[in-house]
Amino acid sequence: MTSLAERFREIEITLAGPSPPPAQWPAAWFNAETSAAVVRFVDTQFQQERTLAEVRRLFGEVQGISVNSMPLRAIFVTLAKAGRKAA
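Conventions we followed
Residues numbered from 1 in each chain as written. Predicted model: local features only at pLDDT ≥ 70, side-chain atom pairs only at ≥ 80, totals over all residues. Heavy atoms only, no water. Buried < 20%, exposed > 50% of the residue type's maximum accessible area, 1.4 Å probe, protein only. Helix = DSSP H or I, 4+ residues; strand = E, 2+ residues; numbered from the N terminus. Pairing = 2+ DSSP bridges. Phe/Tyr/Trp six-rings, centres within 6.5 Å; stacked < 30°, edge-to-face > 60°.

Draft legend 1. Representation of the pairing of strand 1 (residues 9-15) in the model. Side chains Arg9, Ile11, Ile13 and Leu15 project from strand 1 onto a buried face, and the interleaved Glu10, Glu12 and Thr14 project onto a face without burial. When strand 1 meets strand 3 (residues 38-43), the two strands line up antiparallel, connected through six bridges. Within strand 3, the position partnered with glutamate 12 by the bridge is arginine 40. Taken together, the seven bridges between strand 1 and strand 4 (residues 62-69) define a ladder with antiparallel strand orientation. For arginine 9, the partnering residue across the bridge sits in strand 4 and is serine 69.

So this is what it looks like as structure tokens:
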């Protein structure tokens, strides 16, 4: 269970300006939501340096990045939603 809690993070990015969503999302990013200034997703393979580098590669300079740990229930809901979309 500890490894699950260490791997799953909710990420919220505040963009510096309008930016189109990436053509191809990383495979480990689930439930992506975008608006004009904010991008939200769950990283299922979180590693701080890798994740932040990937965010900057896809979105350029951003105003802010929020990384939040997830309770086990939220991890389960994320996986259930992703499973429904794949089916």
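Past the structure itself, the notes keep going.
Draft legend 2. Spatial organisation of the packing of aromatic side chains. Under the definition given, this model contains three aromatic pairs. The interplanar angle of 55° and the centroid separation of 6.1 Å between the aromatic rings of tryptophan 25 and tryptophan 29 together place this pair among those described as tilted. Taking the centre distance of 3.9 Å and the plane angle of 15° together, the rings of tryptophan 29 and phenylalanine 41 count as stacked. Of this pair, tryptophan 29 sits in strand 2 (residues 29-34) while phenylalanine 41 sits in strand 3, and the two are twelve residues apart along the sequence. Exposure remark for phenylalanine 41: the relative accessible area of 2% places this residue in the buried category.

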